[in-house]
Amino acid sequence: MKNEEMDRVARQLKALVDPFRLHLLQILAQANETLCVSEIVQRCTLAQPAISCHLCILRDMGLVGVTKQGAYAYYSVKAETLAEVGPWQTRHR
């Protein structure tokens, strides 16, 4: 793995250290569809601004995708990116 790739994966893993971000990924993965922030808020205990902040971090790291439709943003898990990060969990056990 090249240094640039290792740096990217390290940043992604750092984003995943937060338990709430993992919870957001779990919600999105189980939904099997894109979810609007308001739908995510209904499934969480944090307020919308905090959820949006965590989603922004996950989006910036390439772990979730966002599609905008009018005033609404719909989020989904980027399975291909998680697959790149995921092998570290099983390879080093």
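Residues numbered from 1 in each chain as written. Predicted model: local features only at pLDDT ≥ 70, side-chain atom pairs only at ≥ 80, totals over all residues. Heavy atoms only, no water.

A. Highlighting the pattern of salt bridges. The tally for this structure, following the rule as stated, stands at 1 salt bridge. With a closest N to O distance of 3.7 Å, Arg-59 and Asp-60 form a salt bridge. On the basis of relative accessibility, which here comes to 31%, the residue Arg-59 falls in the partly exposed class. (Salt bridge = Lys/Arg side-chain N within 4 Å of Asp/Glu carboxyl O. Buried < 20%, exposed > 50% of the residue type's maximum accessible area, 1.4 Å probe, protein only.)

B. Region of the structure containing the packing of helix α2 (residues 19-31) against helix α4 (residues 48-60). Remark: α2 packs on α4, axes separated minimally by 10 Å, with the N-to-C direction vectors making an angle of 80°. Comparing the axis directions of α2 and α4 gives the class roughly perpendicular. Every residue of α4 that contacts α2 at Phe-20, Arg-21, Leu-24, Leu-25 and Leu-28 is listed here: Ile-51, His-54, Leu-55, Ile-57 and Leu-58. Classifying every residue of the contact of α2 with α4 by side-chain character gives 8 nonpolar, 1 polar and 1 charged. (Axes fitted to C-alpha atoms, helices over the stretch in contact; angles between N-to-C directions. Helix = DSSP H or I, 4+ residues; strand = E, 2+ residues; numbered from the N terminus. Parallel < 35°, antiparallel > 145°, perpendicular 65-115°, else oblique. Contact = heavy atoms within 4.5 Å. Nonpolar A, V, L, I, M, F, W, Y, C, P; charged D, E, K, R; others polar.)

C. Structural view of the sheet that holds strand β1 (residues 35-36). The strand order across the open sheet built from 3 strands is β1-β3-β2, with neighbouring strands paired in antiparallel fashion. The outermost strands of the open sheet, each flanked by one partner alone, are β1 and β2 (64-69). Against the sheet, α2 touches β1, β2 and β3 (72-77), its axis set at about 90° to β3. Contacts from α4 reach β2 and β3, with the element oriented near 115° to β2. (Pairing = 2+ DSSP bridges.)

D. The arrangement of α2 in detail. Relative to the 18 Å expected for 13 residues at 1.5 Å per residue, α2 spans 18 Å between its end C-alpha atoms, a close match to the ideal helical length. Capping the start of α2 is the job of one residue whose side-chain oxygen sits 2.8 Å from the backbone nitrogen of Phe-20: Asp-18. (Expected span 1.5 Å × (residues − 1). Polar contact = N/O pair within 3.5 Å; in protein donor to acceptor, adjacent residues only side chain to side chain.)

E. Focus on the nonpolar core. Judged by nonpolar contacts, the single largest core of 19 residues is most densely connected at Leu-24, Ile-40, Leu-55 and Tyr-75. Secondary-structure elements contributing two or more residues to this core are α1 (3-16), α2, α3 (37-41), α4 and β3. Broken down by element, the residue count for this core peaks at 6 residues, all from α2. Every residue in contact with Leu-55, bar those within four places of it in the chain, is listed here: Leu-24, Leu-28, Val-37, Ile-40, Val-64 and Tyr-75. (Core = buried A, V, L, I, M, F, W, Y, C linked by side-chain atoms within 4.5 Å.)

F. Expanded view of the confidence of the model for the protein. The pLDDT averaged across the protein works out to 85; a share of 87% of its residues lies at or above 70. Looking at the elements of the protein, mean pLDDT is at its lowest for helix α6 (residues 87-91), recorded as 45, and at its highest for β1, recorded as 96. Taken together, the stretch residues 88-93 has pLDDT below 50 and engages in 2 contacts with residues farther than four places along the chain or on a different chain. (pLDDT = per-residue confidence, 0-100.)

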